[in-house]
Amino acid sequence: MEDDDRCSSNNPGGIRQEEEDEDGKVLRFLDSLDSYLTLLDALSSTLRQGWFELASARHSMGSSRISSVLLDQKVQSAATTFQVRKSIDGSPSESHPSFTISKWASSRDGKCSFTELEVSCAQKTSKNSELRHRGSSNFYDTPEEHDLTINASSTISDSDVQKERAKSLSVFGTLVSPKLRAAQVSFETALDAIIEIANIRSSMLSAFTQLQQEMKEKDLG
Amino acid sequence: MAGRGQIRTNNSALIAMIADEDTVTGFLMAGVGNVDLRRKTNYLIVDSKTTVKAIEDAFKEFTSREDIAVVLISQYIANMIRFLVDSYNKPVPAILEIPSKDHPYDPAHDSVLSRVRYLFSAESVASGRR
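As annotated in an unreviewed UniProt entry, chain B carries the name V-type proton ATPase subunit F and comes from Musa balbisiana. Annotation of chain B in UniProt includes, under Function (unreviewed entry), the sentence "Subunit of the V1 complex of vacuolar(H+)-ATPase (V-ATPase), a multisubunit enzyme composed of a peripheral complex (V1) that hydrolyzes ATP and a membrane integral complex (V0) that translocates protons. V-ATPase is responsible for acidifying and maintaining the pH of intracellular compartments."

The name that an unreviewed UniProt entry assigns to chain A is Vacuolar ATPase assembly protein VMA22, with the source organism given as Musa balbisiana.

Right, here's the structure in full:
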């Protein structure tokens, strides 16, 4: 015990730094956990809206016109794709995947253009540090407001996006209910939430792994 | 779990879905549907006739494909193959449990949250105090 006292008195700064690092990791983990739950809540609200709009469209267009039987089984590529990159926090051993989304990619006449929405964890974390009301469905108030809150480098015109959206709905007929279009936008918004959740999940598990390692080292030491 | 195993980077990956008809239809409208040359899709629509074996096979297939970044699975379907979902530990594809129309999201069953819950358990707190 006397040795410990001597050590702690000799290097109080080092121990304090270690404690601060550990506290930082714990805070990062708890922040990610909170963001994860908040985002899942928001996703639930968005999906509920989408299901409701889909049900309304089915009511107005008829059940047979909106059915999985109509889903196209022809060879087709997804218009909305995802990018997976490696995100490194600190040492290379603490890398974790980072996800971004490219909506309505179109390759026509050899040109490839897309709308890429990068949702960074840091952005959302700083947004989430403000007062949060879990259970509120206002995380994304409207799809239009949601678009304004995300950095979007858009290299595709709105008319191209509308064409891609119309093409996606064409399996349900030429004339579709406005509710079906609204449902489409809701599910697009849900995709944005999903990408954020995937990134937060990745960050949370990375922080959890670091904390686990620290606890193991403490048990051994 | 993060950092365990190689992280496969990909510039054009897909999202796979194992969910009910309305959820899959909705996401397909958002443009995530893919059918390859072998007529293999990136989704499985689960209804009352879908067997647990079919769900397991779809989960195993989607988690082993290199072109899939995220696997969305309705939580009530994940509960049917809970052992398989909980034992999955690769960073990519990420498995996300989502609510369905008839089954709201329950954090108690989420595989990620149950994995990290032990940090707050009495045992881990007690071992920290020792």
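Having put the structure on the table, let's press on.
All names here are of chain B. Within strand β3 (residues 68–74), seven of the seven residues are buried, leaving the element largely enclosed by the surrounding structure. In this sheet, β3 lies alongside strand β1 (residues 10–19) in parallel orientation, the contact comprising five bridges. Each bridged residue has a counterpart across the sheet, and for Ile18 the counterpart in β3 is Ile73. Note: β3 against strand β4 (residues 94–98), five bridges, orientation parallel. In the sheet register, Leu72 faces β4, and the bridge partner there is Leu96.

With respect to the helices and strands, Ser203(A) occurs in helix α6 (residues 178–220). If near-sequence neighbours (up to four positions away) are discounted, Ser203(A) is found in contact with Arg28(A), Ser32(A) and His96(A).

Per-residue pLDDT for chain B has a mean of 87; in total, 86% of the residues score no lower than 70. Predicted as a complex, the structure gets a pTM of 0.78 and an ipTM equal to 0.88.

The next point concerns empty space enclosed by the protein. Within the structure shown, the criterion is met by three cavities of 30 Å³ or more. Of the pockets and cavities examined, the largest cavity occupies roughly 40 Å³. Considering the residues around the largest cavity, the lining is formed by Arg201(A), Val85(B), Tyr88(B), Ile95(B), Ser111(B), Val112(B) and Arg115(B). Top contributing element to the lining of the largest cavity by residue count: helix α5 (residues 111–116) of chain B, with three residues. A class-by-class count of the residues in the lining of the largest cavity yields four nonpolar, one polar and two charged.

Another aspect to go through is the pattern of salt bridges. Within the structure shown, the criterion is met by 11 salt bridges over all chains. For Arg82(B), the salt bridge is made with Glu97(B), and the minimal N-O distance between the two is 2.8 Å. Residue Arg82(B) is found in helix α4 (residues 82–87), and its partner Glu97(B) is found in strand β4; the two are separated by 15 residues along the sequence. In terms of burial, Arg82(B) and Glu97(B) fall into one category: buried. Put simply, Arg58(A), Asp22(B) and Lys101(B) are held in one network by salt bridges that share partners.

So, how was this worked out
- Residues numbered from 1 in each chain as written.
- Chains lettered and ligands numbered in written order.
- Predicted model: local features only at pLDDT ≥ 70, side-chain atom pairs only at ≥ 80, totals over all residues.
- Heavy atoms only, no water.
- UniProt positions renumbered as here; feature names shortened; annotations may be inferred.
- Buried < 20%, exposed > 50% of the residue type's maximum accessible area, 1.4 Å probe, protein only.
- Helix = DSSP H or I, 4+ residues; strand = E, 2+ residues; numbered from the N terminus.
- Pairing = 2+ DSSP bridges.
- Contact = heavy atoms within 4.5 Å.
- pLDDT = per-residue confidence, 0-100.
- 1 Å grid on protein atoms, 1.4 Å probe; cavity = no way out; pocket = protein on both sides within 12 Å on 5 of 7 lines; lining within 4 Å.
- Points joined across faces, edges and corners; volume = space filled by probe spheres on them.
- Nonpolar A, V, L, I, M, F, W, Y, C, P; charged D, E, K, R; others polar.
- Salt bridge = Lys/Arg side-chain N within 4 Å of Asp/Glu carboxyl O.

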